[in-house]
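A closer look at the structure
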2 protein chains.
Amino acid sequence: MPIELLSDTDIQRQLTTLQGWERVGKEITKRYKFADFRAALAFVNQVADLAEAADHHPDIIIRYNRVTLTLSTHSAGGLTENDFQLAHQIDRLG
Amino acid sequence: MPIELLSDTDIQRQLTTLQGWERVGKEITKRYKFADFRAALAFVNQVADLAEAADHHPDIIIRYNRVTLTLSTHSAGGLTENDFQLAHQIDRLG
């Protein structure tokens, strides 16, 4: 059974428990700025390990020292618990 | 002295020596598809090593097993020899 889409109310409540994530339509996104490219890439590799463990993968944009992560559950057509679980794990990276 | 922008003629000639790169305005871009996210990320890390060595950094987009690289010399406002040198190195990754 596919995972269920969250309601707008659930999404709003979940967002208040995260740090710096914004809802953009059917996705949540967060932007990061690091000291340099190397630091940005180290972060991306940490995120990648979490993504592999969760079998849930954010879209990742790297522009030198800036990284943008975007989460959505494409199979469900929007935001699910899986997106927020991974977002929480990413926030705990520090 | 800042590096010089390439002429349209130079850009066209350079593109013919690359594999799968397209010019999009002031940038060149190439799209890749890998077996899975892990393979995509391994490639990105190889590109990152080349980018650090060259001190020239492509924009990188990762969407699960798809990677898009975009090169431009922002300090010069367009395409320079540096972009094509790095593109050649990336093509040689195999």
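Residues numbered from 1 in each chain as written. Chains lettered and ligands numbered in written order. Predicted model: local features only at pLDDT ≥ 70, side-chain atom pairs only at ≥ 80, totals over all residues. Heavy atoms only, no water.

Secondary structure summary: chain A contains three helices and four strands in total. Walking chain A from its N terminus toward its C terminus, one meets helices and strands in the order α-β-β-α-β-β-α. The C-alpha radius of gyration of chain A comes to 13 Å, within 12% of the 12 Å expected for a compact globule of 94 residues. For chain A, the spread of C-alpha atoms along the principal axes amounts to about 40 × 25 × 20 Å. At a minimum sequence separation of 6, the contacts of chain A that also span at least 24 residues come to 64%. In the form shown here, chain A has an accessible surface area of approximately 5,200 Å², with 48% of it arising from carbon and sulfur atoms. Counting 10 positive and 13 negative side-chain charges, chain A places the centres of these two groups 10 Å from one another. (Helix = DSSP H or I, 4+ residues; strand = E, 2+ residues; numbered from the N terminus. Rg over C-alpha atoms; globule rule 2.2 N^0.38 Å. Contact = heavy atoms within 4.5 Å. Areas by Shrake-Rupley, 256 points an atom, 1.4 Å probe, with all protein chains shown as cover. Lys, Arg positive; Asp, Glu negative; His and termini not counted. Charge placed at Lys NZ, Arg CZ, Asp CG, Glu CD.)

The pairing of strand β3 (residues 59-63) of chain A with strand β3 (residues 59-63) of chain B spans three bridges and is classified as antiparallel. Each bridged residue has a counterpart across the sheet, and for I62 of chain A the counterpart in β3 of chain B is I60 of chain B. Strand direction decides the pairing type here: β3 of chain B and strand β4 (residues 66-71) of chain B, joined by five bridges, are antiparallel. Bridged to R63 of chain B within β4 of chain B is R66 of chain B. A loop of two residues connects β3 of chain B with β4 of chain B, the two strands running antiparallel in sequence, and Y64 of chain B in this loop sits at a positive phi of about 50°. (Pairing = 2+ DSSP bridges.)

Next up on the list: the confidence of the model for chain A. For any part of a model where pLDDT is low, the fine detail of the predicted coordinates should not be relied upon. In the predicted model, chain A carries a mean pLDDT of 96, and the fraction of residues at 70 or more is 97%. Here the predicted complex carries an ipTM of 0.95, next to a pTM of 0.96. (pLDDT = per-residue confidence, 0-100.)

Superposing chain B onto chain A takes a rotation of 180° combined with a translation of 0.0 Å along the rotation axis, leaving an RMSD of 0.0 Å. What we have between these two chains is a two-fold relation. Minimal C-alpha separation from the rotation axis in chain B is found for I61 of chain B, amounting to 2.2 Å. In this assembly, 100% of the residues forming the interface of chain B have copies in chain A that are likewise at the interface, indicating an isologous arrangement. (Least-squares fit on C-alpha atoms with pLDDT ≥ 70 in both.)

Turning next to helix α3 (residues 81-91) of chain B. Residue and element names in this part refer to chain B. All of the buried residues in α3 are D83, F84, L86, A87, I90 and D91. End-on, the buried residues of α3 take up no more than an arc of 165°, which puts them together on one face. The elements touched by buried residues of α3 are α1 (8-16), β2 (27-33), α2 (37-54) and β4. (Buried < 20%, exposed > 50% of the residue type's maximum accessible area, 1.4 Å probe, protein only. Arc of directions from axis to C-beta.)

With that settled, consider the side chain of T70 of chain B. Residue and element names in this part refer to chain B. With respect to the element layout, T70 can be found in strand β4. Side chain to side chain, T70 and T29 meet in a polar contact 3.4 Å long. Setting aside residues up to four positions removed in sequence, T70 forms contacts with E27, I28, T29, P58 and D59. (Polar contact = N/O pair within 3.5 Å; in protein donor to acceptor, adjacent residues only side chain to side chain.)

Summed over all chains, the structure comprises 10 salt bridges over all chains. Among the ionic pairs, E52 of chain A bridges to R38 of chain B, the shortest N-O distance being 3.1 Å. On the criterion of chain membership, the pair formed by E52 of chain A in helix α2 (residues 37-54) and R38 of chain B in helix α2 is interchain, its members lying in two chains. Note that D59 of chain A and R63 of chain B form a salt bridge whose closest N and O atoms lie 2.8 Å from each other. (Salt bridge = Lys/Arg side-chain N within 4 Å of Asp/Glu carboxyl O.)

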